Structures are given as C-alpha cells and as structure tokens.
Amino acid sequence: MIIATNVNKSFGRLKALDNVSLTCNKGQSISLIGPNGSGKTTFIKCLLGMVVPDNGFITFNNKNIAHDWAYRAHIGYMPQTGRFPDNMRIVQVFDMMKDIRKDSATCGLDEDLISAFGLNKVLNKRMRTLSGGTRQKVGASLAFLFNPDVLILDEPTAGLDPVSSEILKEKIISQKQKGKLILITSHILSDLEDITTEIIYLQEGKLKFHKSLQQLKEDTGEEKLTRAIAQVMKSNLHP
Amino acid sequence: MKKIIKYVVLDILRNRIVLAYTVFLFIISLSVFNLEDNAAKGLLSLLNIILIIVPLISIIFSTIYVYNSTEFIELLVSQPVKRTGLLLSIFTGLAISLLLAFLVGAGLPILIYSASGAGFMMIFVGLALTLVFVSLAVLASVITRDKAKGIGVAILLWFYFALIYDGIILFILFQFSDYPMEKVTIGFSALNPIDLGRIMILLKLDIAAMMGYTGAVFKDFFGGFWGILYALLVMLLWVFLPVWLTVRKFNRKDL
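Residues numbered from 1 in each chain as written. Chains lettered and ligands numbered in written order. Predicted model: local features only at pLDDT ≥ 70, side-chain atom pairs only at ≥ 80, totals over all residues.

**Things to note about the overall build of chain B**
Under the convention used in this document: Secondary structure elements are taken from DSSP: a helix is a run of H or I of four residues or more, a strand is a run of E of two residues or more, and numbering for both begins at the N terminus. Atoms considered for the radius of gyration are the C-alpha atoms alone. The globule rule reads 2.2 Å times the number of residues to the power 0.38. Remark: C-beta atoms are placed from the backbone, and a residue is labelled buried if 20 or more other C-beta atoms sit within 10 Å of its own, exposed if 12 or fewer do, or partly exposed between those counts.
On a plain count of helices and strands, chain B comes out with eleven helices and zero strands. If you list the helices and strands of chain B from N to C, you get α-α-α-α-α-α-α-α-α-α-α. Taken over the C-alpha trace, chain B has a radius of gyration of 19 Å; the compact-globule value for 255 residues is 18 Å, and the two agree within 12%. Residues classed as buried in chain B amount to 42% of the 255 residues present.

Here it is as structure tokens:
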C-alpha cells in the first residue's frame, strides 16, 4: 500500500533519513522504533507530504505522492504534539475538519473516541486553554474521525492518562481487526506489545531492519518486545 | 478552497483589528474632507495619509497573521488539501478582508465627498496597494521561518518602498541632472508601486504642472490609454510576482 524507495532527507548537515526503503501493506500493524532523533517523525511527515524528501520517492496505492494531495483522504494522522489554532473552540475544529473532508469521506464518521474521551463536555473550550493531554485526545479523535484506511499515529499515548491511553489502545486494536494499515511510533514498548505485527527499527536515519514481531522474538531469543528491543539497542550501540 | 477562505475570513473578522483599521480610515477620511473646504484639496491631504498607512497596515497585519496561522497551516497540510490552494486561500482571505476594510473605511467617504476621476483613481490605487502589500507580506512570512525576522523583513520592505526608495531616486536624479532623465523616471516609477500610485493620482488632480518638466512627460505618458494600461500591468505584476514566488517556495517547504 505504501512503498518508500531510497528516501533521503537532510536538514542542513544532519541526515535525518538515509536511503530508507520500506513496504507497508494493508492489514499490517507496524511499529516504528528507534532512539530519539532517528528519523521516525521525519519519515512519517514524508509520508504525509509535510516534509519533501531530497530524493527518492514514496508511492501510495501505486501512485507517487509528490505533487499529489488527494491520497491524504485515506490517511488519519495524529501528530506528536497536538497543535491547533489557538482561538478556535474544540467543536469548531471538528466542524472545520468535517467540512473540509466532506467530499472525500469514504464512509461514515466515527465519533466513538470523542464520547469515550469525554470531549463532549468540553466542546466549547478554546484550544489554547486545553491541557497537553486534552489536545492529544482531540488529535486522536480527529485521526479516527473519518474512518481512514491508514492510521498514522506519532507517539499516541504520550501525555495521556492511563484510562485514556487504554481507551485509545482498545480503539487501535479494533481498527487493526478491521484490516487497516496502522503505523505507530512510540517509546512505550509495553503499549506496542499487543498492537503490532511488524517492527521497523530506525537508527541515525538508516533502516536497520523490518521484521515481523514473531521473527524478532525468535532472532533475539526473548519472549517480550521490551527485552528484544533492549537487546537490539545494546548490540547496535556497542557492536 | 472556498471553504478555507471562509475560515480565514471568519478568523480575521473575529480578531477585530481589521474592524479597527476600517474605523480608523473612516474617521481620518471624514475629518480630512471636513477640514478642507475644497474636495480636491481634501483628496490631496488624504493621498499622503493613504500612501503611508494602507501599505503599512496591509504588510504588518498580513505578516503577523500568516505567522499566527502556523498551527492552522500545519493542521491542514496533513489533510487532503492542495498546498497551493491552502496558501492562495490564506492570501485571498487576507486580501478580501483588507480590501473590504479599505472600501468601507476610505472608499465610502471619497465617494461621498469627491466622486470624481481623481477620487475613483484614489480608490483604485488604495485597493491595488493593499493587494501588493498583502502579497509581499505572504512572501516575507513564507521565506523566513523565524517570526521576528519575518516581521523585520516586512517592516524593512515598507520602509524601502515608502521612504528609502524616494531618497535613492532623488540622489540618482540629482547626480545625473545634466542628462535627460525624464523618460528614465517613467521606468523608475515601475519599481515602486507606492510611487506609481502617487503619480497616477496626482495626474488626475491636474497639478502635474507643478511638477515641472518631468510632470509634463508624466502627463503625456500616463495621461493616455497606454499609460493607464502600463500602470495597471505594473501593479498586477507587483501582486502576482510575489504570490507566484511564495507558492513555489511554499510547495517545497518542510512543515
């Protein structure tokens, strides 16, 4: 569904993505893992067209995403930090997004998360008065709102309280069972354990490996994802 | 695109600065026309105020507005929205609000007190300058990532067009006063939309005779159909060139 070929991106002297080639297919649930600054967010932003790669290309459903925009109707994106126009109310943000994506909505709206997070009660609050966690909730609700085929979640559970975090995980798992492609980055590996089927490991902008969870556990001889990744990180840092 | 323009205009109306600008222009225009017994004299006084204030407010307000909509832009680029469309919508939204403000604030009093050729020319020049400086503002705010730097660039641009440029022209004309410079000054006028606007209005006010020999050359050139067409084209170029550069830059910008 998403194929990245030799994607390079540098910010000045820093090489954020170094020849990354990846294939993501429908029905997979992929975790992007790597140390801070390894290029996870940059890669996600490249997928969304927010960052333009220096060279290499990315295709979505066999169409190059450069100069294209319509493909984004199939993607629900939850950014790392929810940044919204300060003087809009929550309900206005939702209404605006519904208005803008109205024509491209494939099937009905999915407003489960809005009620599950209890956002119904604070719909009239201005965005600037919201706490970091509430902004994350708005971001998550927006990502799931349009029933997209692909969900891209950048550190979804960071900043959420345990209850909300659990609600979000349940939601992700239910979407996974519907056969959607899910891309998640997170540093909380225990959260990823029951969500993912595939692991992509990035380090210093390079793709280190792309394996199924099962394969990774066999290769490292560990039972838990947390320990398996810890072992990978150690062996990469001190070869 | 229409939907995004709607949200931009609603947002601008909500923050009331444009409303204050409208009221300010309205009060100034009314008081200038009431102070002078002759409408042409009032127009002349208004001319200098408008040539300073309209570009200043247009460029500063638009630059700050684009920087303040960073979140809005970030939110929308991850959605199925064309980048070019997004930028043009912000430009159009800004342009619509400021053009309306000028039409109501200055256009209405001018029509009431001096609905002459010069009055219409002044409304046209005011509208054109608004567009030019909104497009320069959008350019300044897209090419610089830092907000303070971007606003600084915008203020410098205004300074250049409103003050520094005239100084440079005076210097050049003085240095080359032994040569026939009349034709060249027509070319110079294209380099500064504010100057071009001033010339267009002064010629309509029939005081070109006071500008000496150069005034006669201007009268001869800008008085005719081709002169008007030339001025119109130059103004259009001043609007579209910055917008075009901005769109090109914005399409490759990392957000």
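**Some details on the overall build of chain A**
Note the cut-off: We call two residues in contact when their backbone-placed C-beta atoms lie within 7 Å.
For chain A, the helix and strand inventory stands at eight helices and ten strands. In terms of C-alpha radius of gyration, chain A reaches 18 Å, essentially the compact-globule figure of 18 Å for 239 residues. Burial status across chain A gives 43% buried among its 239 residues. Counting only contacts in chain A whose residues sit at least 6 apart along the sequence, the fraction spanning at least 24 positions is 71%.

**Here we look at the pairing of strand β10 (residues 206-212) of chain A**
All names here are of chain A. For clarity, the cut-off: A pair of strands is labelled paired if DSSP reports no fewer than 2 bridges between them.
Sheet analysis places strand β9 (residues 198-203) next to β10, joined by six bridges and oriented antiparallel. Across the sheet, the residue bridging to Ile 199 is Lys 211, located in β10. Joining the antiparallel neighbours β9 and β10 is a turn of two residues, in which Glu 204 adopts a positive phi near 50°.

**Some remarks on the environment of A:Pro156**
All names here are of chain A. Mapped onto the elements, Pro 156 comes out in the loop between β7 (150-154) and α5 (162-177). Of the residues examined, Pro 156 has 27 C-beta atoms within 10 Å and is grouped as buried. In the structure, Pro 156 is positioned 30 residues away from Ser 186 in sequence and 7.3 Å away in space, judged by C-alpha atoms. Ignoring anything within four residues of it in the chain, the contact list for Pro 156 reads Met 78, Ala 140, Leu 168, Ile 184 and Ser 186.

**Side note on the sheet that holds strand β2 (residues 14-24) of chain A**
Residue and element names in this part refer to chain A. Across the sheet, four strands lie side by side as β2-β1-β4-β5; this open sheet has antiparallel pairing. Only two strands of the sheet have a single neighbouring strand rather than two, namely β2 and β5 (63-64). Judged from the two bridges that link them, strand β4 (residues 55-60) and β5 form a sheet pairing that is antiparallel. Within β5, the residue paired with Phe 60 across the bridge is Lys 63.

**A few points about helix α1 (residues 2-14) of chain B**
All names here are of chain B. Applied cut-off: In this analysis, the expected span of each helix is defined as 1.5 Å times one less than the number of residues it contains. The arc in question is the one spanned by the directions pointing from the helix axis to the C-beta atoms.
Taking 1.5 Å of rise per residue, 13 residues should cover 18 Å, and α1 covers 18 Å from first to last C-alpha, within 8% of that figure. Turning to α1, its buried residues are Ile 4, Tyr 7, Val 8, Asp 11 and Ile 12. Angularly, the buried residues of α1 cover 130° about the axis, an arc narrow enough to put them on a single face. Across α1 from its buried face, at more than 90 degrees, point the exposed residues Lys 2 and Arg 14. Of the residues flanking the end of α1, it is Arg 16, one or two places downstream, whose phi is positive at about 70°.

**Examining the interface of chain A and chain B**
The condition that has to hold: Throughout this entry, Asp, Glu, Lys and Arg are counted as charged residues, while Ala, Val, Leu, Ile, Met, Phe, Trp, Tyr, Cys and Pro are counted as nonpolar. The remaining residues, Gly among them, count as polar.
Residue-level contacts link 19 residues of chain A with 17 residues of chain B. For the side of chain A that touches chain B, the element with the most residues is helix α2 (residues 90-101) of chain A, which contributes four residues. Of the residues contributing to the side of chain A that touches chain B, the split by class is twelve nonpolar, two polar and five charged.

**Examining the pairing of strand β3 (residues 29-33) of chain A**
Residue and element names in this part refer to chain A. Among the five residues in β3, five count as buried, and that is most of the element. Residues Ser 29, Ser 31 and Ile 33 of β3 are buried on one face, and the alternating residues Ile 30 and Leu 32, pointing to the opposite face, are buried as well. Pairing of β3 with strand β8 (residues 181-185), which is carried by four bridges, proceeds in the parallel orientation. Bridged to Ile 30 within β8 is Leu 183. Summarising the sheet, β3 and β9 pair through four bridges and their orientation is parallel. Bridging from a neighbouring strand, Leu 32 pairs with Ile 200 of β9.

**A few points about the confidence of the model for chain B**
Low-confidence regions, as indicated by low pLDDT, have predicted coordinates that should not be scrutinised in detail. Stated formally: As a per-residue quantity, pLDDT reports the predictor's confidence and falls between 0 and 100.
Here chain B averages 90 in pLDDT, while 97% of its residues score no lower than 70. Two numbers describe this predicted complex: its pTM, 0.91, and its ipTM, 0.88.

**Thoughts on the sheet that holds strand β6 (residues 75-78) of chain A**
Residues and elements named next belong to chain A. Cut-off, in case you're wondering: Note on definitions: angles span 0 to 180 degrees between N-to-C directions of axes, and those axes are lines fitted to C-alpha atoms, for helices only across the stretch in contact.
Spatial ordering of the open sheet is given by β6-β7-β8-β3-β9-β10, a layout of six strands whose pairing is mixed. Only two strands of the sheet have a single neighbouring strand rather than two, namely β6 and β10. The mean inter-strand angle of the sheet, taken between neighbouring strand axes irrespective of direction, is 15°. Its contacts with the sheet place helix α1 (residues 40-48) against β3, β6, β7, β8 and β9, and it is angled at close to 145° to β7. Running over the sheet, helix α4 (residues 132-145) touches β6 and β7 and is turned about 175° from β6.

**Remarks on the confidence of the model for chain A**
Looking at chain A, the pLDDT average stands at 88 and 97% of residues meet or exceed 70. Here helix α8 (residues 225-237) of chain A stands out as the element of chain A with the lowest mean pLDDT, 81, in contrast to β7(A), whose mean of 93 is the highest.

**Quick notes on unusual backbone geometry**
Residues and elements named next belong to chain A. For Asn 19, which is not glycine, the phi torsion reads 55° and is therefore positive. Relative to the helices and strands, Asn 19 resides in strand β2. A tally of 14 C-beta atoms within 10 Å means that Asn 19 is categorised as partly exposed. The backbone of Asn 61 shows a phi angle near 50°, a positive value even though the residue is not glycine. Inspection of the secondary structure puts Asn 61 in the loop between β4 and β5.

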